[in-house]
Protein chains: 2
Amino acid sequence: MSRETRIYGAVEAGGTKFVCAIGDETGRILAQTRFPTADPAATLEKMCAFLREASRSFGALTAIGAASFGPVVLDRAAVHYGSIGRTPKPGWRNTDIVGILAREFPCPIGFDTDVNAAAVAEQRWGAARDVGDLVYLTVGTGIGGGVVVRGAPLHGLMHPEIGHILPRRHALDAGFDGICPFHRDCLEGLASGPAIVARSGAELQHLDAGHRQWELEADYLGQLCAQLVLTLSPQRIVMGGGVMTQLRLLPLIHRRMLHWLGGYIERREILEEIDRFVVAPALGAQAGVLGALSLAIDASPGV
Amino acid sequence: MSRETRIYGAVEAGGTKFVCAIGDETGRILAQTRFPTADPAATLEKMCAFLREASRSFGALTAIGAASFGPVVLDRAAVHYGSIGRTPKPGWRNTDIVGILAREFPCPIGFDTDVNAAAVAEQRWGAARDVGDLVYLTVGTGIGGGVVVRGAPLHGLMHPEIGHILPRRHALDAGFDGICPFHRDCLEGLASGPAIVARSGAELQHLDAGHRQWELEADYLGQLCAQLVLTLSPQRIVMGGGVMTQLRLLPLIHRRMLHWLGGYIERREILEEIDRFVVAPALGAQAGVLGALSLAIDASPGV
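Rules and cut-offs
- Residues numbered from 1 in each chain as written.
- Chains lettered and ligands numbered in written order.
- Predicted model: local features only at pLDDT ≥ 70, side-chain atom pairs only at ≥ 80, totals over all residues.
- Heavy atoms only, no water.
- Helix = DSSP H or I, 4+ residues; strand = E, 2+ residues; numbered from the N terminus.
- Expected span 1.5 Å × (residues − 1).
- Buried < 20%, exposed > 50% of the residue type's maximum accessible area, 1.4 Å probe, protein only.
- Arc of directions from axis to C-beta.
- Phe/Tyr/Trp six-rings, centres within 6.5 Å; stacked < 30°, edge-to-face > 60°.
- Lys NZ or Arg CZ within 6 Å of the ring centre and 35° of its normal.
- Pairing = 2+ DSSP bridges.
- Axes fitted to C-alpha atoms, helices over the stretch in contact; angles between N-to-C directions.
- Contact = heavy atoms within 4.5 Å.
- Buried area = accessible area lost by both parts, 1.4 Å probe.
- Salt bridge = Lys/Arg side-chain N within 4 Å of Asp/Glu carboxyl O.
- Least-squares fit on C-alpha atoms with pLDDT ≥ 70 in both.
- Left-handed = near helix turned anticlockwise from the far one by under 90°.
- Nonpolar A, V, L, I, M, F, W, Y, C, P; charged D, E, K, R; others polar.
- Right-handed = clockwise from strand over helix to strand, strands pointing away.

1. Digging into helix H7 (residues 249-261) of chain A
Residue and element names in this part refer to chain A. Counted at 1.5 Å a residue, the expected span for H7 with its 13 residues is 18 Å, and the 18 Å between its end C-alpha atoms agrees. Buried residues of H7: Leu 249, Leu 250, Ile 253, His 254, Met 257, Trp 260 and Leu 261, and no others. Considered in projection along H7, the buried side chains sweep an arc of 140° and stay on one side of the axis. Just past H7, the residue Gly 262 takes up positive phi, approximately 60°.

Encoded structure:
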């Protein structure tokens, strides 16, 4: 089969919706469907039905990529490789996504976290095409981070869980407890979409520019970016998710990131070109499904 | 030349002393010297003299590895590749270590931070031989961290600068300002050897087990380990340096690390086997020079 005729299945398994697609090596989507995430059996049958039907229309799939909400088991030697791990989502714990796909589709299957996949997609087709080391952050219902090192997603012991780092509390935020069920006032507990609503009574876009919430949000996310520079040393940070659709947040984050770094990282990319260092995604809402497509391409033979 | 006859030069360029050695692929040191770090010209001439003499005794060097105090320039495309960058050490800024070696020795030269090199050595010969992803921390005059991902040191934009992350302040430590000239109360400013002396008037080993300093130190370093798990997802953390020679610190760090993670990372390696997850180095004071040797081996052809 020539490279031109290769087609791939892509599954973005999100906590609220699934997006399934067929695509090619250039990132072109040939067919796509989405449906709400219900119970695992019904949801995964819909996923398989779409891929089954697509195989009939487009021909056998070269590979499938699945990008899942987490935590997920990425260790290929583990019994539960390819599963969702301990999730608070009712019924989904230990759901074997790769196993269910492999039972029906005789092709390689790529699997990773939704955020690692989005990072891979932004690197392949999006806002980080010119670098090999990047972080993709999503700030929305939760806060998550995917990491690519030398062109491949970072796993290590498990996978990064960047949303749960502990930022230093802002002096004006002492009255807010935070909403993370594990840590209370970790980053997700202080700066996710629901945290904003819990603290300020409204989503960010409904609060005027002078509202303290903007300052707090920029401070916590700027601190996050600074910590990531010091630990992961990325060449770019791509910030997506519902909260980040408020684009005027980005320059505020830049300022606070520089504040927290205190001039220590003396690099032109940070000191002079920070608006090209911490950026909005180029793939927008398609980052997830294109991430899954990317995992499929990377899992296929000869790539 | 057969693999057996390969010999390598190793240079640990530390802020207070240089260690130069000749070694082989098994990590055996055949000759070694050390001298204080004085002005760059005299110090680097001593380094070259040792390697020159060793080449006469042992035969031509297959490669040389240099592991340097930082910040260093690791980007091979950069004008100053192979140099020490902006260091507060008088006279050493922009010192071109790789250039000086390359001018005299016609062999490949490996170059990295001292802590990245120590991480590589602990992975090759030490406490992390069974994993591919690890962090090596040194807690002494400063706090530094080296990172290995999939068997190779992490660079990205520059290299990690883990010592400067911002821990949450301990409630019992509000009266101490911290001593980092850049950030005041970053980790290095709160938990390095000099910070301990500045706060408590003595080095850790001279303070009895009930002294508050032990609790503070364990809390800050436990918090550091927790943050690293959430961002870098290592399979092991190796903790060396002068402060960590106080081995009873390690179980205290384990406890605080678990506290800060709040049960979120549900992995056996952390919840049940933390004494094998955060460990002392196996190479002790030789980690630096063995790191340099490791860089030499990795830089040599056919490896």
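2. Things to note about the packing of aromatic side chains
For any pair of aromatic rings, geometry is given as the distance between the ring centres together with the angle between the planes. Counted under the stated rule, the structure contains 10 aromatic pairs over all chains. For the pair A:Tyr264 and B:Phe182, a centre-to-centre distance of 4.8 Å together with 80° between the ring planes defines the contact as edge-to-face. Of this pair, A:Tyr264 sits in the loop between H7 and helix H8 (268-271) while B:Phe182 sits in the loop between strand E8 (152-153) and helix H4 (187-191), on two different chains. With 6.3 Å between their ring centres and 80° between their planes, B:Tyr81 and B:Phe111 make a pair best called edge-to-face. Of the two residues, B:Tyr81 sits in the loop between strand E4 (63-68) and helix H2 (97-104) while B:Phe111 sits in strand E5 (residues 109-113), which places them 30 residues apart along the sequence. Since its relative accessible area comes to 16%, B:Tyr81 is described here as buried. Grouped by ring-pair contacts, the aromatic residues A:Phe18, A:Phe35, A:Phe69 and A:Trp92 constitute a single cluster. Sitting above the plane of the A:Trp125 ring, A:Arg124 keeps its charged end 5.6 Å from the centroid.

3. Side note on the sheet that holds E4(B)
Residue and element names in this part refer to chain B. One open sheet accounts for five strands, arranged E3-E2-E1-E4-E5; its pairing is mixed. The two strands at the open ends of the sheet, each matched to only one other strand, are strand E3 (29-36) and E5. On average, adjacent strands in this sheet sit at an angle of 15° to one another, irrespective of strand direction. Summarising the sheet, strand E1 (residues 8-13) and E4 pair through six bridges and their orientation is parallel. Following the sheet pairing, Val 11 is matched in E4 by Ala 66.

4. Some words on the interface of chain B and chain A
Taken together, the contacts link 45 residues of chain B with 45 residues of chain A. Both sides together, the interface formed by chain B and chain A hides about 4,300 Å², and carbon and sulfur atoms give 54% of it. Among the residues chain B hides against chain A, the three largest losses belong to B:Leu157, B:Arg168 and B:Tyr264. Together they make up 20% of the total. Here chain B is connected to chain A by six salt bridges.

5. Overview of the relation of the copies chain B and chain A
In screw terms, the move from chain B to chain A is a rotation of 180° and a rise of 0.0 Å along the axis, fitting with an RMSD of 0.0 Å. On the angle and the small slide along the axis, the relation comes out as a two-fold axis. Of the C-alpha atoms belonging to chain B, the one lying closest to the rotation axis is found on B:Arg168, 2.7 Å away. When the interface residues of chain B are mapped onto chain A, 100% of them again fall at the interface, so both copies present the same face.

6. Points about the packing of helix H5 (residues 193-200) of chain B against helix H6 (residues 212-231) of chain B
Residues and elements named next belong to chain B. Packing of H5 against H6 leaves a shortest axis separation of 11 Å and a crossing angle of 145°. Here the hand of the crossing between H5 and H6 comes out right-handed. In contact with Ile 196, Arg 199 and Ser 200 of H5, H6 contributes Gln 213, Leu 216, Glu 217 and Tyr 220. The residue makeup of the contact of H5 with H6, split by class, is three nonpolar, two polar and two charged.

7. Structural notes on the pairing of E4(B)
Residues and elements named next belong to chain B. With six of six residues buried, E4 lies mostly within the body of the structure. Neither face of E4 is left uncovered, since the one carrying Ala 63, Gly 65 and Ala 67 and the one carrying Ile 64, Ala 66 and Ser 68 both have all their residues buried. Pairing analysis gives five bridges linking E4 to E5, with the strands arranged parallel. Paired with Ile 64 across the two strands is Ile 109, which belongs to E5. The handedness of the E4 to E5 crossover, carried by H2, is right-handed.

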